[in-house]
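Listed below are the residues making up each chain.
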Amino acid sequence: MQETTKPAKVNSLKHILFGSLIGTTIEFFDFYIYANAAVLVFPQLFFPGSDATMATLQSLATFSIAFLSRPLGSAFFGHYGDKIGRKFTLVAALLTMGISTVTIGFLPSYASIGVAAPLLLMLCRFGQGVGLGGEWGGAVLLAIENAPPNKRAWYGMFPQLGAPIGLLLSGGTFLLLTDSMSNQDFMDYGWRIPFIASSLLVVVGFYIRTKIAETPSFENSKKEQEEVKIPFLTLVKSYKNQLLFGTLASITTFLVFYLMTVFTLSWATSDLGYEKRDFLLIQLFSVLFFALFIPISAVVADKIGRRKILIIATTVIAIFGFFFSHFLNSGSSLMVTFFLCTGMALMGFTYGPLGTFLSELFPTNVRYSGASLTFNLAGIIGAAFAPMIAIWLASTYSLTYVGFYLTIAACISLFSLLAISKKEHKF
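In this text the structure is predicted, and so the values were computed from the model without any measurement.

Rules behind the numbers
- Residues numbered from 1 in each chain as written.
- Predicted model: local features only at pLDDT ≥ 70, side-chain atom pairs only at ≥ 80, totals over all residues.
- Heavy atoms only, no water.
- 1 Å grid on protein atoms, 1.4 Å probe; cavity = no way out; pocket = protein on both sides within 12 Å on 5 of 7 lines; lining within 4 Å.
- Points joined across faces, edges and corners; volume = space filled by probe spheres on them.
- Helix = DSSP H or I, 4+ residues; strand = E, 2+ residues; numbered from the N terminus.
- Nonpolar A, V, L, I, M, F, W, Y, C, P; charged D, E, K, R; others polar.
- Core = buried A, V, L, I, M, F, W, Y, C linked by side-chain atoms within 4.5 Å.
- Buried < 20%, exposed > 50% of the residue type's maximum accessible area, 1.4 Å probe, protein only.
- Contact = heavy atoms within 4.5 Å.
- Phe/Tyr/Trp six-rings, centres within 6.5 Å; stacked < 30°, edge-to-face > 60°.
- Lys NZ or Arg CZ within 6 Å of the ring centre and 35° of its normal.
- Expected span 1.5 Å × (residues − 1).
- Salt bridge = Lys/Arg side-chain N within 4 Å of Asp/Glu carboxyl O.

Undergrad: For this particular structure, what's the right way to read empty space enclosed by the protein?
TA: The probe, sized like a water molecule, is rolled over the atoms to show the empty space still left. Counted according to the given criterion, the structure contains five cavities of 30 Å³ or more. One number sums up the size of the largest cavity: a volume of about 130 Å³. Lining the largest cavity are 14 residues, and of these Asn36, Leu167, Thr261, Leu265 and Gln283 lie nearest its centre. Per-element accounting of the lining of the largest cavity gives the leading share, five residues, to helix 13 (residues 240-270). A per-class count over the lining of the largest cavity returns ten nonpolar, four polar and no charged. Volume-wise, the second largest cavity comes out at about 80 Å³. Listing elements by their share of the lining of the second largest cavity, those giving two or more residues are helix 2 (13-40), helix 13 and helix 17 (333-359). Counting residues per element, the lining of the second largest cavity draws most heavily on helix 13, at four residues. Considered class by class, the residues forming the lining of the second largest cavity number nine nonpolar, one polar and one charged.

Undergrad: Would you take a moment to explain the layout of surface pockets for this structure?
TA: Of the volumes computed, that of the largest pocket is approximately 340 Å³. Lining the largest pocket are 17 residues, with Ala52, Thr53, Thr56, Ser266 and Ser270 positioned closest to its centre. When contributions to the lining of the largest pocket are tallied by element, the ones reaching two or more residues are helix 3 (42-45), helix 4 (52-83), helix 13 and helix 19 (386-396). In terms of residue class, the lining of the largest pocket is built from six nonpolar, eight polar and three charged.

Undergrad: Looking at this structure, how should I read the nonpolar core?
TA: Considering soluble globular proteins, one finds that nonpolar side chains tend to be buried as a cluster. Of all hydrophobic cores here, the largest spans 133 residues; its most connected members are Phe42, Tyr258, Phe263 and Phe324. Those residues within four positions of Phe263 in sequence are excluded, and the remaining contacts are Tyr258, Phe324, Leu328, Pro387, Ala390, Ile391, Ala394, Leu399 and Val402.

Undergrad: Can you help me understand the packing of aromatic side chains in this one?
TA: Aromatic rings in a pair are described by how distant their centres are and how their planes are angled relative to each other. Inspection of every chain in the model, using the stated rule, returns 31 aromatic pairs. Ring geometry for Tyr239 and Phe362: centres 6.2 Å apart, planes at 70°, overall edge-to-face. In this pair, Tyr239 is assigned in the loop between helix 12 (231-238) and helix 13 and Phe362 in the loop between helix 17 and helix 18 (364-384), connecting sequence segments 123 residues apart. Ring geometry for Phe320 versus Phe339: centroids 5.5 Å apart, planes at 15°, classification stacked. Of this pair, Phe320 sits in helix 15 (residues 306-320) while Phe339 sits in helix 17, placing them 19 residues apart in sequence. For Phe339, a relative accessible area of 0% translates into the label buried. Chaining the aromatic ring pairs together yields one cluster made of Trp136, Phe254, Phe257, Tyr258, Phe290, Tyr351 and Phe375. The residue whose ring lies beneath Arg125 is Tyr34, and the NZ or CZ to ring-centre distance is 4.2 Å.

Undergrad: I tried to follow helix 5 (residues 86-104) on my own but got confused; where do I start?
TA: Residues spaced three or four apart along an α-helix face the same direction, because each turn holds 3.6 residues. Counted at 1.5 Å a residue, the expected span for helix 5 with its 19 residues is 27 Å, and the 28 Å between its end C-alpha atoms agrees. The complete set of buried residues in helix 5 reads Arg86, Thr89, Leu90, Val91, Ala93, Leu94, Met97, Gly98, Ser100, Thr101, Val102 and Ile104.

Undergrad: Got a minute to help me understand the pattern of salt bridges in this structure?
TA: In a structure, side chains of opposite charge can pair up when their charged atoms sit close to one another. One pass over the structure, following the stated rule, counts five salt bridges. As a salt-bridge pair, Glu145 and Arg367 come within 3.0 Å of each other at their nearest N and O atoms. Linking Glu145 in the loop between helix 7 (116-144) and helix 8 (152-180) with Arg367 in helix 18, this pair joins segments that are 222 residues apart in sequence. By the burial criterion, Glu145 is buried, and Arg367 matches it. Here Arg306 ties to Asp302 by a salt bridge, and the two come within 3.0 Å at their closest N and O atoms. Accessibility expressed as a relative area gives 10% for Arg306, which makes it buried. Accessibility expressed as a relative area gives 21% for Asp302, which makes it partly exposed.

Right under this line is the structure:
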């Protein structure tokens with residue numbers, strides 16, 4: 001009996017919450033500095049020789065690679081997370097993401113090595129996706145598998161806070177660099193600084209993660225010999241409905257976020273006449289609403305249920321899509337700011353309880369694999385090509401159709417939330 005309760009005694013509340021938050025903050029910081037660079041830097045340095053729109057689309061295509069590789073990371077790290085434990089897997093995922101990110105900071109440009117430059121960039125982006133695919137699920141489980149039953153959404157929102165914090169750090173870093181150096185210096189070497197500096201964050205995260213013990217849920221499952229041979233096959237065989245509807249239920253969360261960040265940054269600075277610095281400031285301000293509504297949604301989710309709050313938020317997002325063009329095309333900085341803040345607040349409402357909701361769809365012995373796969377498969381459908389699709393829709397038709405794109409995705413998620421099994425597995 002002492003062995004069963006030991007992990008719970010070792011993992012203090014401070015270690016649980018900070019350990020889950022620091023990892024996702026680092027992971028999302030790494031992920032978002034690439035998103036910023038994919039719009040502001042990479043089109044010129046890695047894809048020269050074509051017109052500006054084509055260079056941006058090529059750069060955003062490399063951005064999508066990480067979403068395609070994330071399910072591979074989910075399957076790989078999820079397998080070992082369900083088989084040998086959450087702790088080792090979390091450390092390995094963090095290092096995979098960190099090394100890939102730091103390497104980008106040292107890559108030569110197209111002018112130096114030709115076509116090998118974008119190929120190496122794509123390889124590093126692939127590594128980022130694999131690492132993040134393994135990181136998110138483990139961080140969420142670290143939190144909720146140590147949580148009291150009536151506070152699972154509250155505990156589960158701490159790793160979710162890593163997203164807005166990482167975005168604020170990455171956007172703030174790029175803003176500071178562009179303000180403190182000339183455009184030429186920034187393009188020559190300044191953009192490399194956040195990629196290389198992320199190594200310091202990785203060291204901090206690595207140290208904290210090595211101090212954390214296994215979760216009580218995993219230890220109890222192991223002692224009760226509930227381990228499955230190949231978690232992925234068990235998921236496909238016994239939990240395919242949860243995989244399918246959990247994935248589709250999550251796509252709107254991804255889409256609304258990447259429309260509010262990558263697409264709007266690209267479109268506003270290239271077609272609406274906004275200066276990059278001015279629009280980055282507006283975006284960073286809107287991220288505060290993203291961060292604020294994550295804990296608010298978690299509190300509500302613990303009171304009325306994870307599924308119910310997601311249904312409400314997704315319905316509002318479907319309506320929000322009809323106003324997309326009206327606000328973004330308004331020509332008013334105040335209206336655009338309101339638009340971004342509203343979109344980010346809605347993102348917080350869906351993102352806060354999402355990790356807990358997806359984790360509760362699966363039992364402990366396949367939970368790491370199941371939660372990670374649903375989340376990251378949703379990333380492919382909802383975000384991998386979202387900026388490119390949105391740019392194509394806006395260029396070919398109008399911004400109104402980008403709003404329709406969001407509304408249709410929200411309707412699909414809403415249907416999936418209504419169809420998904422309500423069964424909750426033990427922790």
